Each structure stands twice: as structure tokens, then as C-alpha cells.
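# Descriptive structure summary
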Amino acid sequence: MSELINDSTLAGRIAVVTGASSGIGEATAKRLAARGAKVALLARRTDRLQVLAAEIEKNGGTALALAVDVTDADAVRAAAERTERELGTVDLLVNNAGVMLPAPIEELRTDQWQRQIDLNITGLMNVIGAFVPQLVTAGAERGGADLVNLSSIAAKNIFPNFAVYSATKAYVTQLSRHLRAELGEKHVRVSAIEPGMTHSELHDHVTDKGVREWTAGIHDIMLHSEDIAETIVFVASLPPHANLQQVTIMPTGQPA
């Protein structure tokens, strides 16, 4: 990996990271910029995006902060147009925005069910719809582009009280497999990253007491956002003919 990842691995790439204001998205944006990519930062919190963009630019990178709610299709399309206009045609999309709200199904937290579906599925599709045309163009003109979707081990593993979240992530993984078959011949690689338990703001949004106690109990063994960011950089840094279709990254101490 040390030979593949260096300070200029991604020089000239035009990247987009959703959910860039914290956690995996923030760490990924920093890593991509440090490797030479120009990065568009998409998230809802303007203040955090501006701080992140300023940090990237202070360190010699290029960043464009775009306050966008990915569940708003029109806003995402406008962000795609502005990104292309100001940075260039996007050839690396990291679809990271998401939310995790586990709870026993019999509690009927339909508001939380809908929020997860809206962000993890509809938001994901809004971003894909807005940016895939640019990825296809980049694939044709530059010989390669990348669509990286953040899924979870919950897409395949069984966790009580995570039914809706897990179902949304199963959607992400299966969608990624199909899109790889569809877009691969257009020189667009598609990858699904499936992390285990990771330190991020996802846990801060959890309202279920039992789940909060469980995650607190494994706090010390969790992955860090930077671990996932480095994995994404590795995936995007491979030669264009090689595509890591799915990557599962687990904390060493997490059994399942």
C-alpha cells in the first residue's frame, strides 16, 4: 500500500464527498485533498464545511464548500452543476451521507424509519443521479472514474434492533453490485465500503437506550474515521483496470 498511496496519488482528480462535515466524510475529504484531489464538500452544516474547506486550503489543497441536504434532489443537481463549473468534471464520488437510528421494531418509530430511508436510500440516489453523468464523461475522457458508496457490515450481518438501518445498507451494497455491472464498461469503477463499528456522529443520533449502552461497551475497540478514509483512498488509487467491488473493514476486536 505504501507504494500506491503517496502525496500525489490522486493529483488531478475531482472528488465529491457527501456528509463531509464530520466523521468518515470529513476524514475522507482531508485525505483526498492531501493526495492532490480537488474536493467538493457536501453537507448541511455550513459552518463546519467552511472550517473544513479553510483547513484544506491552508494545507495547500483545493476545496469547495456546498451546503446541501442530499434529500433535496434539486439542491443536489445544483451542487453538481456548480462543482463542474468551478472545479471540473467529477471523476471520484464518495457517497457517504447517512444516518443510523436503531430501535426495537415494536416501538413503531416510523419517524426514524422514514428518516433512514430518506437519507440512506433516497439521498444516495439523488447524489448518484446528479453526479453519475459526470463520472461517465470522466471515464470516457480520462480512462477511469470512481463511485464509492458507504455501506456497512449491517448490510449482511444480523443485529437486533437495527432492522431498518440494516435494510437500507443492504440496498446500498446490492445497488453497488448492479451499478458496477452497468458502469464498468464505461470505465467507472463502483465500490461498496462496509465498515464495522466506527467512531462517528452516527452514534450521537441514536436514541435507543439499549443500543447506546451496547455501543458504549465496545467504544475502545471501534475503528476510527481515518481508517475508513485511508481505505477509500486505497480503493481510488488502484490502477484503472482493477476494481475492489466490496471492502469489509472490521475492528480487530469486533467478532461480528
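Residues numbered from 1 in each chain as written. Predicted model: local features only at pLDDT ≥ 70, side-chain atom pairs only at ≥ 80, totals over all residues. Heavy atoms only, no water.

### Side note on unusual backbone geometry
Here leucine 108, not a glycine, exhibits a phi torsion of approximately 55°, which is positive. Relative to the assigned elements, leucine 108 resides in the loop between strand S4 (92-95) and helix H4 (110-142). Of the residues examined, leucine 108 reaches a relative accessible area of 57% and is grouped as exposed. Even without being glycine, histidine 187 reaches a positive phi, approximately 70°. Following the sequence through the fold, histidine 187 ends up in the loop between helix H5 (163-183) and strand S6 (188-195). (Helix = DSSP H or I, 4+ residues; strand = E, 2+ residues; numbered from the N terminus. Buried < 20%, exposed > 50% of the residue type's maximum accessible area, 1.4 Å probe, protein only.)

### Thoughts on the packing of helix H1 (residues 23-34) against helix H2 (residues 46-58)
At a minimum axis distance of 10 Å, the contact between H1 and H2 shows a crossing angle of 20°. By the angle class used here, H1 and H2 are roughly parallel. Considering how the two elements wind past one another, H1 and H2 form a crossing that is right-handed. Contacts between H1 and H2 involve Glu26, Ala29, Lys30 and Ala33 from the first element and Leu52, Glu55 and Ile56 from the second. (Axes fitted to C-alpha atoms, helices over the stretch in contact; angles between N-to-C directions. Parallel < 35°, antiparallel > 145°, perpendicular 65-115°, else oblique. Left-handed = near helix turned anticlockwise from the far one by under 90°. Contact = heavy atoms within 4.5 Å.)

### Structural notes on the nonpolar core
Within soluble globular proteins, side chains that are nonpolar generally end up buried alongside one another. With 34 residues, the main nonpolar core has Leu42, Phe131 and Leu135 as its most contacted residues. Breaking this core down by element, the ones donating at least two residues are strand S1 (14-18), strand S2 (38-43), strand S3 (62-67), helix H3 (73-86), H4, strand S5 (145-150), H5 and S6. Residue contributions to this core peak at nine residues, all from H4. For leucine 135, the residues in contact, after removing those within four places along its chain, are Val90, Asp91, Leu92, Leu93, Ala145, Asp146, Leu147 and Val188. Counting residues in hydrophobic clusters, the runner-up holds 30 residues, among them Val148, Leu223, Ile232 and Val233. (Core = buried A, V, L, I, M, F, W, Y, C linked by side-chain atoms within 4.5 Å.)

### Focus on the pattern of salt bridges
Scanning all chains against the criterion turns up twelve salt bridges. Here aspartate 91 and arginine 13 are joined by a salt bridge, their closest N and O atoms 3.1 Å apart. Separated by 78 residues along the polypeptide, aspartate 91 in the loop between H3 and S4 and arginine 13 in the segment before S1 bring together distant segments of the chain. In this structure, aspartate 91 and arginine 13 share a single accessibility class: buried. Residues participating in the shared-partner salt-bridge network are Arg13, Asp91, Arg142, Asp146 and Arg189. (Salt bridge = Lys/Arg side-chain N within 4 Å of Asp/Glu carboxyl O.)

### Remarks on H3
Under the 1.5 Å per step criterion, the end-to-end length of H3 is 20 Å for 14 residues, consistent within 8% with the ideal 20 Å. For H3, the set of buried residues is Val76, Ala79, Ala80 and Thr83. Within H3, the buried residues cover an arc of 100° as seen down the axis, which keeps them to one side. Exposed residues pointing more than 90 degrees away from the buried face of H3 are listed as Asp74, Glu81 and Arg85. Its side-chain oxygen at 3.2 Å from the backbone nitrogen of aspartate 74, aspartate 72 defines the N-terminal cap of H3. Backbone geometry just after H3 places glycine 88 at a positive phi near 125°. (Expected span 1.5 Å × (residues − 1). Arc of directions from axis to C-beta. Polar contact = N/O pair within 3.5 Å; in protein donor to acceptor, adjacent residues only side chain to side chain.)

### So, the sheet that holds strand S7 (residues 246-249)
In space, the seven strands of this open sheet follow the order S3-S2-S1-S4-S5-S6-S7, with parallel pairing throughout. Across the chains shown, the open sheet's two edge strands, defined by having one partner strand only, are S3 and S7. Shown here is a sheet whose adjacent strand axes are inclined to one another by a mean of 15°, direction ignored. Relative to S4, S1 runs parallel, the two being bridged by three bridges. Bridged to valine 16 within S4 is leucine 93. Relative to S3, H3 is tilted by about 160°, and along the sheet it contacts S1, S2 and S3. Sitting on the sheet, helix H7 (residues 225-237) touches S4, S5, S6 and S7, and the angle it makes with S6 is about 160°. (Pairing = 2+ DSSP bridges.)

### Regarding the pairing of S6
In terms of burial, S6 is a largely internal element, eight of the eight residues being buried. Side-chain alternation along S6 places Val188, Val190, Ala192 and Glu194 on one buried face and Arg189, Ser191, Ile193 and Pro195 on a second face that is also buried. Looking at chain direction, S5 and S6 are connected through six bridges and run parallel. Looking at the pairing, asparagine 149 lines up with alanine 192 of S6. Relative to S7, S6 runs parallel, the two sharing four bridges. The residue of S7 that forms the bridge with glutamate 194 is threonine 248.

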